[in-house]
Amino acid sequence: MDSTPTHRKHTAMKYFYGIIIFLVWLAFDTTEAVCGYESCPETKPFMVNVHLVPHSHDDVGWLKTVDQYYYGHKNNIQHARVQYILDTVIDALLENPTRRFIQVETAFFAKWWQEQTESMKQVVNRLVNEGRLVFTGGAWTMNDEAAVNYQSVIDQFTVGLKFLDEAFGICARPHVGWQIDAFGHSREQASMFAQMGFDGQFFARMDHRDKSKRADNLGLEMIWNASESLDEMELFTGMLYNHYSAPPGFCFDLLCNDDPIVDGTSYDNNVGDRVNEFTKYLEGLETHYRSYHIMVPMGDDFHYENAHKNYKNMDKLIKYVNSLQFRYNVFYSTPSCYLQSLHQTLETWPNKTQDFLPHSHEADSFWTGYYTSRPTQKRFERDGNHMLQTVKQLSVFAGLSSDQQKKDLDYLRQIMGVMQHHDAITGTEKQEVSNDYDRLLYDGIIGGASNARDALRVLTNLPEGEFESCLQLNISECAFTKDSADNVVVTLFNPLAHTSSQYVRVPVREESYQVTDEKGRVVASEVVPVAQPVLALKYRENNTQHELVFKASVNKIASYFIKKIEKTESKKIVLHNRLRKDETQSDVDSETVVQTSQIKLVIDNYTGRLKTIQMNGVVEEIEQNFGVFKTTRSCHYIFREDEPMDVLSDDIEFAVYDGDLVKEIHQQVDDYISQVIRIYEGVNRVEFEWLIGPIPGFGREIITIFDSGISSDGVFYTDSNGREMIRRERDKREDFSPDLEKQPASGNYYPVTSRIALQDNAKRLVLLNDRSQGGSSMNDGRLEIMLHRRSYFSDGSGAAEALNEEQFGDGLIARGKLFLILNAGAKENTIAERQAEKEIHLPFWKFFSKSKNAISNAVPKLLPDFNDLPQSVHLLTLEPFTDDEILLRLENFLDRIEGKVVSFNIRSIFDSLGGSEIREATLDGNLPLEEMKRMKFHHYGAGPMPRKAEFFMSQHKPLSANKSHEASEFSVTLNPMQIRTFIIRKEPV
Ligand SMILES: *[C@@H]1O[C@H](CO)[C@@H](O)[C@H](O)[C@H]1NC(C)=O
Ligand SMILES: *[C@@H]1O[C@H](CO)[C@@H](O)[C@H](O)[C@H]1NC(C)=O
Ligand SMILES: [Zn+2]
């Protein structure tokens, strides 16, 4: 970063930019660069300060693929070429030192950066160090906030901010979130920003009724109290007034046709008129905001491809507005500089406690379809995260360090960042783009799997093991066992902190097997038939029609050995004849009971439906149904109902498999809907594995409904990005009344990324899921989840094509799981849900090898043991950070009601990771925690104003220690829901 003036001059001569200012700047400017808040433009007292914010919103895939957007081909689909945006913006910034630009999506910036020459990199470095090119948001992508899991959001901020830190240092660190295009906003996202030390965030979408009310009440900017469990999780949050676009008439981009500023002696001189129009706009804008500062975004989707055009006209706009009137002081600025101005005004701000979901941009248009759109891609993204967490931990344990290994891990990290983008995990992209995401993620997973294999060869006694992953286990398909599972070793990796016991299923032929653990002990197992609708799937290889099921117990890594044995008696599936309504039967015949020692399920023999569940000492009549919304105007984003849901009422055929370890009820609900209800011995939840598709015809959204008698009184709870729960009340919002007359269901759907629940004093019913979905409670006692959707409506905006996913020439078939827990209403009973949620999100990853050429006497490397951590502590992240550093994140996953403060010592973990020093960082890992200083804003109605601007610092003393320190220096305390992030420097080897 620090280059001598001579060197700079030399570089400047070598790469002649032809700009005098630039040369002068290089030759004479030897002062220390100031960046961040110190570099903010001066504002004027007694004037309205207008912060113009040049920006470009660059989707990391949407109508075009990531690369098509970057390079600029396929311009017939959408005119967008990100590489030239960066090229021309840099040029334009050099022409005038007052110009500024905010760069948001690090995925694109990183791609551009690697193409630049050393001297160009220096030029950009200067712009960053002088606060002229200002990274804002700064994550790999601008992530969605409804369908994402917090773990993946934290990861993608870590990746983006780390790139910026390594390229530029502290001057590149973003100070505010810039979530302008996300389709609604989650509370957890705000909490994560606060935990990263961000000062605030800005966005541009909220329910239209909420927005107009806030616009009238000076409520567009607020203090969001982003956590019910964590203290001081306040985040300043600002809503832009005119979307994120330039004021109408003032788009100077080549994608717009607004008039330029015509000045000089031209007969067409329009300076006076344009200045008037602009100040008129400002007058209007000003009335909606509290302070004497207003922010005006100057940009839009893929703008600034020819930045000169934009800046030339903005320069003139600024010049003439400032010279022709005295009320407004207009200048180039950034969102963080605007925020700093607000902070300094000592204004007070209204409170916000819930979230901004669901989003609705106009009457009868709730963006609740995307919570479920592209269900298989939403699941694939979870597989990606599962592999990413697995391979991160394995890389640390095995010390993987080759260039290829680092490249593969980075690639998977980055692709997972791409998948969080608000047109990726949301399913709102075009089909071609969706296919490209699948391709990228598949490549990422394959690279990750190759690293995992390298690691496992070192970490187990199978130095030549294949350690293959099977990505189609959900349909009982695995190339590795398709011919025979004889002499197959299943190596299980447990990403969780604590030893876990889980059932493992391996696709096999109908043969008998014996499973043994590493000590040669026989483990109980059984061979279970695969449900008929899965076998009937076309294009599925049909050789494994059974699954071998056994229960495994794994600390971090454990191998189980499968051997074929002489045929033994195996249990068969029993078909149940459905009873006709007119047949009078005794009670015994009218129902089928399926039970384990914990759970009893009763199926109604007349309807074939689930009727009663008994578990945790609670009995409840729970009827499950499937329903269909027939919709003609739904799209990728919007679930738009035309008529009430049609509940499928035909009686259901079913068959029961009654094994020792697992009991299954196989139901054929409709031609295209089937399900396996499953309970395992020793597992306290009911699994519903659904299979839906091809959805016949178009314009159908498939829902599953669980009706109970629980008096929930309109109240239900959904998770926020997999962490804290948010209380929902049917037909209500926190701050306004939504327009639900025509869209009663759609407007009551909320994102369910991990859990939806309801309860009364006696009972609590919960569903956990395996991917993001939309869910609601449209009647008291009812939980419902949208599982799959297909539409034929293309509204010309949005993705401009119908959401009509096909595979193998027919509508897409999707499969997935819901998990049900019924419990007594007691508060602490939600702890089991938290544990289940972690196990569902990060189960064992299964690796397959052949045992014959593999097993050796090699002594596996001793792994760090995390079992001493309190039960409520989650190993959120363990990954290589730099070449000699490891990042460790620990989370207390119980909230304030469920859990308590836990304290423990991490000295032994530190030692077993080979640590020499440890320091604590903000949530993203890139800023030392002791340097965190966040702006604190003053609440409206909360007593006298402070005399000067206030800040939040870390509430606890950041951990900082090295090897020579006493063990007591390594003690860690976690409040409920608290996450702490540590960087461990390794002992040099
Ligand atoms: C696979 O085999 C099973 C049993 O033999 C049969 O019922 C099923 O239809 C087969 N699937 C396909 C796609 O042929
Ligand atoms: C907003 O929240 C703060 C802090 O929790 C509280 O002191 C204040 O009274 C609240 N203001 C209003 C108007 O509810
Ligand atoms: Zn976007």
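Keep in mind the model is a prediction, meaning the values are calculated, not measured.

Right, let's talk about the side chain of Arg733 for a bit. Looking at the element boundaries, Arg733 is found in the loop between strand S32 (725-729) and strand S33 (750-752). Salt bridges are absent for the buried Arg733, whose nearest opposite-charge side chain, Asp207, sits at 4.9 Å. A polar contact is formed between the side chain of Arg733 and the backbone oxygen of Gly747, at a distance of 2.8 Å. At 3.2 Å, the side chain of Arg733 forms a polar contact with the side chain of Tyr750. Discounting chain neighbours no more than four positions away, the residues touching Arg733 are Pro358, Phe366, Pro738, Gly747 and Tyr750.

Quick look at the packing of helix H4 (residues 82-95) against helix H6 (residues 118-129) now. Contact geometry for H4 and H6: axes closest at 11 Å, N-to-C directions at 60 degrees. The angle between H4 and H6 falls in the class oblique. Crossing of H4 over H6 shows left-handed handedness. Along its contact with H4, which presents Ile90, Leu93 and Leu94, the element H6 presents Met120, Val123, Val124 and Leu127.

Time to look at the domain arrangement of the protein chain. One can read the domain layout of the protein chain as domain 1 (32-352), domain 2 (375-570 + 843-853), domain 3 (578-841) and domain 4 (873-986). For domain 3 and domain 4, the distance between their C-alpha centroids amounts to 38 Å. The partner domain 4 presents nine residues to the nine residues of domain 3 that form the contact. Here domain 3 packs against domain 4, burying approximately 880 Å² in sum over the two surfaces, 65% of which is carbon and sulfur. When the area that domain 3 buries against domain 4 is broken down by residue, the three leading residues are Arg723, Arg834 and Lys838, summing to 61%.

Another aspect to go through is the UniProt feature "domain: Glycoside hydrolase family 38 central" (unreviewed entry) in the protein chain. Under the present numbering, the feature "domain: Glycoside hydrolase family 38 central" (unreviewed entry) in UniProt falls on residues 365-441. The annotated region residues 365-441 carries 68% helix and 0% strand content, and the separation between its end C-alpha atoms amounts to 31 Å.

Parameters at a glance
Residues numbered from 1 in each chain as written. Chains lettered and ligands numbered in written order. Predicted model: local features only at pLDDT ≥ 70, side-chain atom pairs only at ≥ 80, totals over all residues. Heavy atoms only, no water. Helix = DSSP H or I, 4+ residues; strand = E, 2+ residues; numbered from the N terminus. Buried < 20%, exposed > 50% of the residue type's maximum accessible area, 1.4 Å probe, protein only. Lys, Arg positive; Asp, Glu negative; His and termini not counted. Salt bridge = Lys/Arg side-chain N within 4 Å of Asp/Glu carboxyl O. Polar contact = N/O pair within 3.5 Å; in protein donor to acceptor, adjacent residues only side chain to side chain. Contact = heavy atoms within 4.5 Å. Axes fitted to C-alpha atoms, helices over the stretch in contact; angles between N-to-C directions. Parallel < 35°, antiparallel > 145°, perpendicular 65-115°, else oblique. Left-handed = near helix turned anticlockwise from the far one by under 90°. Domains from an automatic or database assignment. Buried area = accessible area lost by both parts, 1.4 Å probe. UniProt positions renumbered as here; feature names shortened; annotations may be inferred.

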